[in-house]
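# Report on the structure
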Amino acid sequence: NLPPLVKRSFRRLQGQSGDTPDGVRVLQWNVLSRVCGEAVSSPCHVRVLQWNVLSQALGQMNDNFVCCPDEALEWRSRRYHIIEEIVEYCPDVICLQEVDHFNFLKTVLGTQGYRGAFFPKPDSPCLYIKGNNGPDGCAIFFKEDKFELLKVETRVLEVWRVQSNQVAVVMLLRIRETSQEICVATTHLKARTGALLSTLRNEQGKDLLDFVTSHYGGRPVIICGDFNAEPTEPVYLTLLSHQSLRMASAYATTGDVSDAAPREPPYTTWKIREEGEVCHTIDYVFYSLDSFSVEAVLDFPTGEEIGEGRVPSFGYPSDHFSLVCDFRLKSACELGS
Ligand code: NDP
Ligand code: CA
């Protein structure tokens, strides 16, 4: 029952969002040098940011966000809002989906001490969009001064032994100061509704769990992503009921202690398309209960703060909100470090 991490507020780079080639430097002065507030930085803590950043090609050409002004989707300014939101919270690990500008992220986040890996979807819908910047996929970045990268693996998720169009990135990281190893995985499961698709997502979830268990079992594990599934879908229970990983959902464990069952937040994405408004919870950060405890999570903005046009908007560069969680590693913290 801990207080939220920081009050979520978005500061804009008004007029300085880098319409010049010098944009990155302007950003560094105005945003990146900001002190990391209450950020927890100790070898027994890990702060994870999970975010579907909204692919530029899909967001601009495919999603049809009818209440979002076209200018808010312009890459030249939107890209800095994405960076601003990420660095604002000083995460140790960054898990992203719908990344179709990995090189941009790699370059800018590289200046902030991050190193990352990207894996594209085999047949990304972005590739069918005029003027696309390549396929979208999943990416993980980590703070290089905190972790040593022991291994990075990518996976095309299988459904009934056949490769699907969804992927995962898995990293084995060693905390330099304690030599503690942790496994971090991220994925973006198949979108859209329907019984068959819900079954498909469940199979994709099982495939990812099998992969993580067989390669990294026995270690502290964090699995996060856009699961495209509400908590009532089978894949959610599949993640939470895994026998050996013993995982919980970070945002579901911070409700009122009097709650009989853990509750997820009411939404992680809130958008208006031509067909109507979509407001639901489909993004999660799962963690192995035996290894981590959740110390804080970043609150979501209220409907009023978000505004009637919902997201994306000038203030929020994606149709998904970022999830930020502070984990405490139980073993590394036993001696009160
Ligand atoms: P998914 O069904 O997983 O979804 C792809 C993307 O569409 C996701 O990023 C998803 O975002 C977004 N999305 C979800 N709902 C909507 C919606 N109502 N309106 C607009 N966008 C939405 O895709 P697949 O990986 O299965 O790939 C799609 C396939 O479609 C590709 O394999 C490709 O072959 C094919 N395709 C063909 C085209 C053509 O012109 N021939 C054009 C486009 C795709 P989120 O996860 O945030 O919900
Ligand atoms: Ca999307």
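What you see is a predicted model, and the numbers here were worked out from it, not measured in a lab.

Rules used in this analysis
Residues numbered from 1 in each chain as written. Chains lettered and ligands numbered in written order. Predicted model: local features only at pLDDT ≥ 70, side-chain atom pairs only at ≥ 80, totals over all residues. Heavy atoms only, no water. pLDDT = per-residue confidence, 0-100. Contact = heavy atoms within 4.5 Å. Near = heavy atom within 4 Å. Polar contact = N/O pair within 3.5 Å; in protein donor to acceptor, adjacent residues only side chain to side chain. 1 Å grid on protein atoms, 1.4 Å probe; cavity = no way out; pocket = protein on both sides within 12 Å on 5 of 7 lines; lining within 4 Å. Sits in = over half its atoms within 2 Å of the grid points. Nonpolar A, V, L, I, M, F, W, Y, C, P; charged D, E, K, R; others polar. Helix = DSSP H or I, 4+ residues; strand = E, 2+ residues; numbered from the N terminus. Expected span 1.5 Å × (residues − 1). Phe/Tyr/Trp six-rings, centres within 6.5 Å; stacked < 30°, edge-to-face > 60°. Lys NZ or Arg CZ within 6 Å of the ring centre and 35° of its normal. Core = buried A, V, L, I, M, F, W, Y, C linked by side-chain atoms within 4.5 Å. Buried < 20%, exposed > 50% of the residue type's maximum accessible area, 1.4 Å probe, protein only. Points joined across faces, edges and corners; volume = space filled by probe spheres on them. Pairing = 2+ DSSP bridges. Axes fitted to C-alpha atoms, helices over the stretch in contact; angles between N-to-C directions. Donors = N, O, S within 2.8 Å, 3.2 Å for Na, K, Ca; no water.

On average, the protein chain scores 87 in pLDDT, and the residues at 70 or more come to 84%. Ignoring residues within four places in sequence, the model shows residues 1-6, a span with pLDDT below 50, making 20 contacts including any to other chains. Ignoring residues within four places in sequence, the model shows residues 9-35, a span with pLDDT below 50, making 49 contacts including any to other chains.

Next up on the list: the site of ligand 1. Near ligand 1, the surroundings consist of 20 residues, among which Glu98, Asp123, Asn165, His188 and Lys190 are the closest. For ligand 1, an oxygen atom lies 3.3 Å from a polar atom in the side chain of Tyr128. Taking His188, its side chain carries an N or O atom lying 2.6 Å from an oxygen atom of ligand 1. With respect to the pocket detection grid, ligand 1 is positioned in the largest pocket. For the shell around ligand 1, the class distribution of residues is four nonpolar, seven polar and nine charged.

Two residues of an α-helix separated by three or four positions point the same way, owing to the 3.6 residues in each turn. Given a rise of 1.5 Å per residue, 22 residues ought to cover 32 Å, and the 31 Å separating the end C-alpha atoms of helix H5 (residues 195-216) matches this to within 8%. Of the residues flanking the end of H5, it is Gly218, one or two places downstream, whose phi is positive at about 90°.

So, on to the packing of aromatic side chains. For the coordinates displayed, the defined rule picks out 17 aromatic pairs. Ring geometry for Tyr267 and Trp270: centres 4.7 Å apart, planes at 50°, overall tilted. Each residue in the set Tyr251, Tyr267, Trp270, Phe300, Tyr316 and Phe321 is aromatic and connected to the rest through ring pairs, giving one cluster. The residue whose ring lies beneath Lys143 is Tyr114, and the NZ or CZ to ring-centre distance is 4.6 Å. One residue, Arg310, lies across the ring of Trp270, its end atom 4.0 Å from the ring centre.

This part takes up the nonpolar core. Counting residues in each nonpolar core, the largest one holds 61 residues, and the members touching the most others are Val93, Leu96, Leu105, Leu109, Phe141 and Phe327. Among the elements that line this core, the one with the most residues is helix H3 (residues 75-88), at six residues. Leave out the neighbours within four places in its chain, and Leu109 touches Ile83, Ile86, Val87, Ile94, Tyr114 and Phe141. Counting 24 residues, the second-largest nonpolar core is a separate cluster that includes Ala168, Phe211, Val235 and Tyr284.

Glancing now at the layout of surface pockets. Quantified by volume, the largest pocket comes out at close to 820 Å³. Residue lining of the largest pocket: 32 residues in total, with Asp63, Ala191, Arg192, Asn228 and Arg273 positioned closest to the centre. Elements with a minimum of two residues in the lining of the largest pocket: strand E6 (162-175), strand E10 (269-273) and strand E11 (276-280).

In this section: the sheet that holds strand E14 (residues 323-329). Strand order in the open sheet formed by six strands is E3-E4-E2-E1-E14-E13, and the pairing between neighbours is mixed. Two strands close off the open sheet at either side, each with one partner strand: strand E3 (114-120) and strand E13 (292-297). Mean inter-strand twist for the sheet, computed between neighbouring axes without regard to direction, equals 20°. Judged from the seven bridges that link them, E3 and strand E4 (residues 137-143) form a sheet pairing that is antiparallel.

Summarising the metal site, the calcium ion (ligand 2) is bound by the protein donors Glu98 (OE) and Glu98 (OE), whose distances to it range over 2.2 to 3.2 Å. You can see Glu98 is positioned in strand E2 (residues 93-99).

With that out of the way, let us pick up the sheet that holds strand E9 (residues 247-249). If you trace the six strands from one edge of the open sheet to the other, you get E5-E6-E7-E8-E12-E9, paired in mixed fashion. This sheet does not close on itself; its edge strands, each paired only once, are strand E5 (147-159) and E9. Averaged over all pairs of adjacent strands, the angle between their axes in this sheet comes to 20°, without regard to strand direction. Two strands pair when backbone bridges link them, and E6 and strand E7 (residues 181-188) are joined in this way by seven bridges, in the antiparallel orientation. Its bridge partner being in E7, Leu173 is matched across the sheet by Ile182. Across the sheet, H5 touches E5, E6, E7, strand E8 (221-226) and E9, and the angle it forms with E5 is around 145°.

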